[in-house]
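Tertiary structure, described
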Amino acid sequence: MTHLFTLDQWPDLHGTVAQAEQFKNNPLVQQALGRGKTIGLLFFNPSLRTRMSTEKAAQNLGMNTLVLNINQDGWLLEFEDGTVMNNSSSEHIREAAAVISQYCDMVAIRAFAELKDRAKDQAEQVLQSFMRYGSIPVVNLESATAHPLQALADALTLREYQPAHRPKVVLSWAPHPKALPQAVANSFVRMMRHQEADFVIAHPGGYALDPIITQGIPCVKAQEKAFVDADFIYTKNWSSFDSYGEVLRHDLDWMITSEKMALTRSAKFMHCLPVRRNVVVADAVLDSPNSLVIEQANNRTYTAQAVLHKILQNG
Amino acid sequence: MTHLFTLDQWPDLHGTVAQAEQFKNNPLVQQALGRGKTIGLLFFNPSLRTRMSTEKAAQNLGMNTLVLNINQDGWLLEFEDGTVMNNSSSEHIREAAAVISQYCDMVAIRAFAELKDRAKDQAEQVLQSFMRYGSIPVVNLESATAHPLQALADALTLREYQPAHRPKVVLSWAPHPKALPQAVANSFVRMMRHQEADFVIAHPGGYALDPIITQGIPCVKAQEKAFVDADFIYTKNWSSFDSYGEVLRHDLDWMITSEKMALTRSAKFMHCLPVRRNVVVADAVLDSPNSLVIEQANNRTYTAQAVLHKILQNG
Amino acid sequence: MTHLFTLDQWPDLHGTVAQAEQFKNNPLVQQALGRGKTIGLLFFNPSLRTRMSTEKAAQNLGMNTLVLNINQDGWLLEFEDGTVMNNSSSEHIREAAAVISQYCDMVAIRAFAELKDRAKDQAEQVLQSFMRYGSIPVVNLESATAHPLQALADALTLREYQPAHRPKVVLSWAPHPKALPQAVANSFVRMMRHQEADFVIAHPGGYALDPIITQGIPCVKAQEKAFVDADFIYTKNWSSFDSYGEVLRHDLDWMITSEKMALTRSAKFMHCLPVRRNVVVADAVLDSPNSLVIEQANNRTYTAQAVLHKILQNG
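As the structure is a computational prediction, the values presented were derived from the model and not from experiment. (Residues numbered from 1 in each chain as written. Chains lettered and ligands numbered in written order. Predicted model: local features only at pLDDT ≥ 70, side-chain atom pairs only at ≥ 80, totals over all residues. Heavy atoms only, no water.)

With respect to the sheet that holds strand 5 (residues 106-110) of chain A
All names here are of chain A. The strand order 2-1-5-6 describes an open sheet built from four strands, whose pairing is parallel. At either margin of the open sheet sits one strand with a lone partner, and together these are strand 2 (64-69) and strand 6 (138-140). Averaged over all pairs of adjacent strands, the angle between strand axes in this sheet comes to 20°, irrespective of strand direction. Of the strand pairs in this sheet, strand 1 (residues 38-43) and strand 5 are connected by five bridges, and their pairing is parallel. Within strand 5, the residue paired with phenylalanine 43 across the bridge is arginine 110. Along the sheet, helix 6 (residues 125-133) contacts strand 1, strand 5 and strand 6; its crossing angle with strand 6, the most-contacted strand, is approximately 165°. (Pairing = 2+ DSSP bridges. Helix = DSSP H or I, 4+ residues; strand = E, 2+ residues; numbered from the N terminus. Axes fitted to C-alpha atoms, helices over the stretch in contact; angles between N-to-C directions. Contact = heavy atoms within 4.5 Å.)

In structure tokens form, the structure reads like this:
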């Protein structure tokens, strides 16, 4: 069965991006493929882009959608095995996953990192449970450690703005008042392994990502030096992986500014959104013609559509 | 007008179950019937199976759906007549029901028992008001005293697993930490009146169901004795009807275990879900090949579809 | 680009009402026009009629719908420019509006007056921001100062019940326990400027509407005198515009009663709903054959459909 869990398991990244580009030109060309097929969209957390773009992708393919804010609309789920369920949770994931598999041909799930217990987040209990106890393909709408649909949209965006030369791409940490997951950064790194590019990660001390994911990729602590000659600045905050889930610094020294962008080769600015203005990035950068954030969001529809299309084809 | 309020009012139970079996084999055969027709799905309470299966049933029939978590998405409703509405409720059911009747061709409503005032729950104010003040067919998605769509799915499941001999069916009370309504049990009992089966209800002292509903049906307090030679064990917790809404015991003596199932004729295990593992039923029973709970949930789609189909046909 | 912000900007009120009347006779005649088109429905506030009727209008036109309770399902939005976003809001309206414009062909938005700061409400920050930063048509589902879809439905209702003579229409304030916006009253007044009718506004002292909107229209403080010979009584509560957002009186002297209705020329009673019985209006009036409130609600579908149709045509 074809799941989209992380990009490491996804069969053909470049084929998916190429398919997405075709859907961008002709979104309704495969309306017949999804007719009578149903996707369940389950949200444990808020969503704007992911919700709208994935629902639209499904509609473009002629599919029906069943959308559920699962903990409010449904029942509080239990994920532990062997427990005596006499507390707040009403339904075990074993039943929930098996039941949803009766109603849907595939299920897409958002379940963020809780950032309290690293081992627990790394275990990816929600998505793993749906893959284990369900019987239909599972699509990751951002899990504890991965956001592959975002990375696929980013890959399409990089492709659309590809320079004539081998590009330099910088993934730069940026400040944020709250503790955020590493999921977007992780998936961006995984995606970059498939690109012909010089790729550097820049982050302050204490903010190294999971070393298994970044193995072999240059990681530097000098942000401005990293920006020199860059063609793409991909910015994202994440909380500490070592001091798991902690916000180690509250200054704005790593905010993306016009001065820093001036060090680049007129680089494009990228961010997955939502973005906090004048904390993560200065207004002047976000509102500049070099900002690709809206195009990235637009590409979410077509890469999601390519993923659903692949899953529909594989049955 | 054809409402599905309780099974007592529903015209042809066996015909509906037979129709459901046909839809299970060919879900999209009546796509044209619902084209341009709209069902409103109104939830006063959480729902997973009922929400997804009924929405899917409507989509299978080509209908449009309008889904509303009514107290959050809409306005707090007033049900009392003649009141001066200067408190928290903003809209009277008379207007709400009449208005929704303008937008929908039928309306399906979930409104659980509150378990505080028996007479009030028995009055079924929400569904009765919609039937009285609305002008479209009303479908019960679990009301204070009845859950007929569940019982119809159970009837289909019983039919699919029908043994060669006249079966023995046991409805067994089971423990639960919270006070639950009697609705599922009530509808199961009503449905069993239409079956060729030996039917017994087993429950501890103080847990007799509404005597009007169970009239003439053997009710026993010896659970294990009831299980002997049973072909189906249908399990459900409910709070006390006599000491209305109370949880009278907190022990797990009535939990369904492998030892108890061993007393049966290799009985199938049934439950409407969600189910609390190791409180209502032991893991070993729920995870055994004799458990039909996922198939029951699956059948929800097709029996709902048969009900909507009947209502569409009757106009 | 054709927005429906207030009726002052809308191109052809009578043409829209005539189109709505056609859709009422034949709702599905333009199913092909919306095929593959998407409307986003964004709710910052509760909605029953507006939500259901607009979603249905879109479905009647063959459109896809993406419905979002934006502050719960999505991210808390920031509307101020130049702020350092290190507080509760996660996403700036500049990005949200631009992103939603990628997924939808038009967006319909409900964002009530907060009734705390008149200048802020008058600025209509939410809708103005979507019009400014988005790139798709915006439809007002009730904003701080206007509810044009309601007024269009009211225009259709007036047309359907048009007497042979030039009618007298009274907009009468009525009591309410909570502070309500002026939006519905404002739009009704704007709509009445397009009607051949004698139009009077009746309200107690302190409850004058925005003088810019009511300029030149007779406003009286003698409710009963205003009712004499009226053909239509349109009732609505609003909080004070002068003492902005305040509830200046708690008596029921201005409630609409049968005694007051007896002063009219057998007037039709109108209200946008939801309505508080025996506070705004006595049961006997609301339940009388002269009450048009359910028909008004029904007309919401067809006037919304005419608006979406016009926007689809204009591209």
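Regarding the relation of the copies chain A and chain B
Least-squares fitting of chain A to chain B yields an RMSD of 0.0 Å, with the transformation described by 0.0 Å of translation along the axis and a rotation of 120°. The two molecules are tied by a three-fold rotation axis, judged by turn and shift. (Least-squares fit on C-alpha atoms with pLDDT ≥ 70 in both.)

Points about the interface of chain C and chain B
Contact residues are listed per partner, giving 30 residues for chain C and 31 residues for chain B. For the pair chain C and chain B, the two sides together bury roughly 2700 Å², of which 57% comes from carbon and sulfur. Together, Met52(C), Arg276(C) and Arg277(C) form the three largest contributors to the area buried by chain C at its contact with chain B, with a combined 24%. At the junction of chain C and chain B, the tally comes to four salt bridges. The salt bridge partner of Asp73(B) is Arg51(C), with a shortest N-O separation of 3.6 Å. At the junction of chain C with chain B, the criterion picks out twelve residue pairs in polar contact (both at pLDDT 80 or more). (Buried area = accessible area lost by both parts, 1.4 Å probe. Salt bridge = Lys/Arg side-chain N within 4 Å of Asp/Glu carboxyl O. Polar contact = N/O pair within 3.5 Å; in protein donor to acceptor, adjacent residues only side chain to side chain.)

Focus on the environment of Ser239(B)
Residue and element names in this part refer to chain B. The residue serine 239 is located in the loop between strand 10 (232-236) and helix 11 (258-261) in this model. Sequence separation between serine 239 and proline 175 is 64 residues, and the spatial gap between their C-alpha atoms is 9.4 Å. When sequence neighbours within four positions are dropped, the list of residues in contact with serine 239 reads Leu115, Ala179, Leu180, Gln182, Tyr207, Gly245 and Glu246. Looking at serine 239, its side chain comes within polar contact range of the main-chain oxygen of leucine 180, at 2.7 Å.

Here's the deal with the interface of chain A and chain B
Contacts between the two partners involve 31 residues from chain A, matched on the other side by 30 residues from chain B. Of the roughly 2700 Å² buried between chain A and chain B, counting both surfaces, carbon and sulfur atoms make up 57%. Put simply, chain A and chain B have four salt bridges between them. Between Glu91(A) and Arg49(B) there is a salt bridge whose closest N-O contact spans 2.8 Å. Our count for the chain A to chain B interface comes out at 13 residue pairs in polar contact (both at pLDDT 80 or more). At the level of secondary structure, the elements contributing two or more residues to the side of chain A that touches chain B comprise strand 2, helix 3 (70-73), strand 4 (91-92) and helix 4 (93-103) of chain A. Tallying contributions element by element places helix 4 of chain A first for the side of chain A that touches chain B, with eight residues. Of the residues belonging to the side of chain A that touches chain B, the class tally is twelve nonpolar, 15 polar and four charged. (Nonpolar A, V, L, I, M, F, W, Y, C, P; charged D, E, K, R; others polar.)

Quick word on the packing of aromatic side chains
The geometry of an aromatic ring pair is captured by the separation of the ring centres together with the interplanar angle, meaning the angle of the planes. Residues and elements named next belong to chain A. Within this structure, the stated rule accounts for 20 aromatic pairs over all chains. Ring geometry for phenylalanine 44 versus phenylalanine 79: centroids 6.5 Å apart, planes at 50°, classification tilted. Within this pair, whereas phenylalanine 44 is found in the loop between strand 1 and helix 2 (49-60), its partner phenylalanine 79 is found in the loop between strand 3 (77-78) and strand 4, the two being separated by 35 residues in sequence. Taking relative accessible area as the criterion, phenylalanine 44 reaches 18% and is therefore assigned buried. We classify phenylalanine 79 as buried; its relative accessible area is 16%. (Phe/Tyr/Trp six-rings, centres within 6.5 Å; stacked < 30°, edge-to-face > 60°. Buried < 20%, exposed > 50% of the residue type's maximum accessible area, 1.4 Å probe, protein only.)

Remarks on the sheet that holds strand 2 (residues 64-69) of chain B
Residue and element names in this part refer to chain B. A sheet is described by the order of its strands in space; here four strands give the open sequence 2-1-5-6, paired in parallel fashion. In this open sheet, the two strands that pair with only one neighbour each are strand 2 and strand 6 (138-140). Mean inter-strand twist for the sheet, computed between neighbouring axes without regard to direction, equals 20°. Summarising the sheet, strand 1 (residues 38-43) and strand 2 pair through six bridges and their orientation is parallel. Counted as the bridge partner of isoleucine 39 is threonine 65 from strand 2.

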